[in-house]
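# A structural walkthrough
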Amino acid sequence: MTLAYACGKVILFGEHAVVYGRPAIAVPVTEVQAQAYIEPGPAGQGVVVVAPDLDRRVIVREAPPDEPLAHIVRGTLRAIGRGSDPDLTITITSTIPIARGLGSGTAVSTAIVRALARHLGHWFPSQAISDLVYQTEVLYHGTPSGIDNTVIAFEKPVYFVKGVTREIFWVGRPFRLAVADTGLASPTWEVVGDLRRRYQADPTRYEPLLDRVGEIALAARSAIVQGQEAELGRLMDENHALLQELGVSCPELDRLVAAARQGGALGAKLSGAGRGGHMIALVTEETQGRVDMLLRLAGAVRVLITEIR
Ligand code: MEV
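Residues numbered from 1 in each chain as written. Predicted model: local features only at pLDDT ≥ 70, side-chain atom pairs only at ≥ 80, totals over all residues. Heavy atoms only, no water.

## Some words on helix α4 (residues 147-154)
Going by this rule: Burial classification: accessible surface area is computed with a 1.4 Å probe over protein chains only, and a residue below 20% of its type maximum counts as buried, one above 50% as exposed, and the rest as partly exposed. Working definition: helices are DSSP H or I runs of at least four residues, strands are E runs of at least two. Numbering for both runs from the N terminus. Contacts are assigned to residue pairs with any non-hydrogen atoms lying within 4.5 Å of each other.
Most of α4 sits inside the fold, with eight of its eight residues counted as buried. Among the residues of α4, I147, D148, N149, T150, V151, I152, A153 and F154 are the ones counted as buried. Elements in contact with the buried residues of α4: β1 (2-13), β2 (24-40), α2 (104-119), α3 (126-141), β6 (158-161) and β7 (165-168). Among the residues trailing α4, E155 stands out with phi positive, at a value near 55 degrees.

Right under this line is the structure:
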């Protein structure tokens, strides 16, 4: 029997712009996680993935090529050099809310890769896990930047430029985030696709906005490394305003962002694809209680506080 986990994530800066080659920053959220548990199955069954919370059972050898759970299993077995179909049952559970920008699908894929590798006596470096998971990310949302699989595979704060660099960096002074759920699904592929259509119709309108988001991510990295909280908060506010201009926020997210600021957060913004999902607010030990309360009053269905270190 083998058990493996993967954490959730939030994008701190640069969502969407990262798809267009601008830098972005993401951090792991270890308070939530996906878990993959492997046990031997009956002879001849092959690999079966069971997700009891979703009422799903996928027989890998019978699943279509684009079924994500089967896809990640096949990719991992291929990478390990196991062409055969071992008789295994993989049970998936997760405390990461689905389709809310916290990386639930990515974490499930990562947990499956880790569990299968461990069970079959193989070791993958984090980059290999990230690369494998990326192949399945493409099924979920078409043109992923790769930032989600990177931060979840490495479980460290990451500064990321698609196809150019991924830098794990150190946090100068730990900081706290309130992470609040609008309760609305955030369909990443839809929001990313919609922005792409608008971008293609009028690139000159969007290029300067994307450039500024990229500059903010760069400035935010040094603010994080130097432990400059006030500057970090200011950059979050500016990034949110740009995301509004990019057309990926929504009234529910804007309401939570305003509530967090009213509660004394140093900055707040949506996180992930937007149009639902989560927002994040920079809080301190002193402000976190009030921010938490105001977020709930403003409609958050769940708030978690995480420390980034
Ligand atoms: C999704 O977590 C972040 C987006 O920037 C999409 C991506 O990077 O692939 C919206």
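## With respect to the site of the ligand
We apply this condition: Think of it this way: one heavy atom of a residue within 4 Å of a molecule or strand is enough to make that residue near it. Pairs of N or O atoms within 3.5 Å make up the polar contacts considered here, provided that, within protein, one atom can donate a hydrogen while the other can accept it, and that residues adjacent in sequence are counted only when both atoms are side-chain atoms. Surface exposure here means Shrake-Rupley accessible area, sampled with a 1.4 Å probe, where a residue is shielded only by the protein chains that are shown. Note that Gly is not counted as nonpolar here; it falls among the polar residues with everything else outside the nonpolar set of Ala, Val, Leu, Ile, Met, Phe, Trp, Tyr, Cys and Pro and the charged set of Asp, Glu, Lys and Arg.
The local shell around the ligand consists of K9, I11, E15, H16, V18, V19, H141, P144, S145, I147, D148 and A273. One of the side-chain nitrogen or oxygen atoms of K9 is found 2.9 Å away from an oxygen atom of the ligand. The separation between an oxygen atom of the ligand and a polar main-chain atom of H16 is 2.9 Å. Burial of the ligand by the protein chains amounts to 98% of its free accessible area of 290 Å². Secondary-structure elements contributing two or more residues to the shell around the ligand are β1 and α4. Per-class residue counts for the shell around the ligand are six nonpolar, three polar and three charged.

## Digging into the pattern of salt bridges
Our working definition: Salt bridge, as used here: a side-chain nitrogen of Lys or Arg that lies within 4 Å of a carboxyl oxygen of Asp or Glu.
Taken as a whole and assessed by the stated rule, the structure comprises 19 salt bridges. Notably, a salt bridge pairs R234 with E231, separated by 3.1 Å at the nearest N-O pair. In this pair, R234 and E231 both sit in helix α7 (residues 229-245), three residues apart, roughly one turn of the helix. Residue R234 is classed as partly exposed on the basis of its relative accessible area of 41%.

## Some remarks on the sheet that holds strand β11 (residues 302-308)
Put simply, the test is: When DSSP finds at least two bridges between two strands, those strands are taken to pair. Lines fitted to C-alpha atoms define the axes here, with helix axes fitted over just the stretch in contact, and angles between the N-to-C directions of these axes take values from 0 to 180 degrees.
Read across the open sheet, the four strands follow the order β9-β10-β8-β11; overall the sheet is antiparallel. Every interior strand has two partners, whereas the edge strands, β9 (267-271) and β11, have only one. For this sheet, the mean inter-axis angle between neighbouring strands, taken without regard to orientation, is 25 degrees. Bridge analysis of β9 against strand β10 (residues 278-283) gives five bridges, and the strand direction is antiparallel. Its bridge partner being in β10, K269 is matched across the sheet by I280. Sitting on the sheet, α7 is in contact with β8 (175-181), β9 and β10, with an inclination near 45 degrees to β9.

## Description of unusual backbone geometry
If you check the backbone angles, D55 has positive phi at about 60 degrees while not being a glycine. Counting through the fold element by element, D55 comes out in the loop between β3 (47-51) and β4 (56-59). On the basis of relative accessible area, D55 is assigned to the exposed category, the value being 73%. Unusually for a residue other than glycine, A99 sits at a positive phi of about 55 degrees. Along the chain, A99 falls in the loop between β5 (88-94) and α2.

## As for the environment of E190
Relative to the assigned elements, E190 resides in helix α5 (residues 188-201). Of the residues examined, E190 reaches a relative accessible area of 41% and is grouped as partly exposed. Measuring from C-alpha to C-alpha, the distance between E190 and R275 comes to 9.8 Å, with 85 residues separating the pair along the chain.

## Let's talk about the packing of aromatic side chains
Which entries qualify depends on this criterion: Pairing of aromatic side chains here covers Phe, Tyr and the six-membered ring of Trp, requires ring centres within 6.5 Å, and sorts the geometry by plane angle: under 30 degrees stacked, over 60 edge-to-face, intermediate tilted. To sit over a ring, a charge needs its Lys NZ or Arg CZ within 6 Å of the ring centre and within 35 degrees of the ring normal.
Across all of its chains, the model carries one aromatic pair by this definition. A centroid spacing of 4.8 Å and a plane angle of 50 degrees characterise the contact between Y20 and Y199, whose relative ring orientation is tilted. On the criterion of sequence distance, the pair formed by Y20 in the loop between β1 and β2 and Y199 in helix α5 is long-range, its members being 179 residues apart. An identical accessibility class is assigned to Y20 and Y199; each is buried. Above the plane of the ring of Y206 lies R205, whose end atom (NZ or CZ) is 4.9 Å from the centre. A cation over a ring is seen here: R221 above Y159, with NZ or CZ 4.0 Å from the ring centre.

## Digging into the nonpolar core
What counts here: The definition of a nonpolar core used throughout is a set of buried Ala, Val, Leu, Ile, Met, Phe, Trp, Tyr and Cys residues joined through side-chain atoms within 4.5 Å. Domain ranges listed in this record stem from an automatic or a database domain assignment.
Core analysis: the largest hydrophobic core is formed by 106 residues, its most contacted members being F13, I90, I112, M279 and L295. Counting only domains with at least three residues in this core, you end up with domain 1 (2-168) and domain 2 (175-308). When near neighbours in sequence (up to four residues on either side) are disregarded, L295 contacts A178, A180, L256, A259, A260, M279, A300 and V303.

## Looking at the pairing of β4
Pairing of β3 with β4, which is carried by four bridges, proceeds in the antiparallel orientation. Across the sheet, the residue bridging to V50 is R57, located in β4. Once β3 ends, the chain turns through four residues before running back antiparallel as β4, passing D55 with a positive phi of about 60 degrees.

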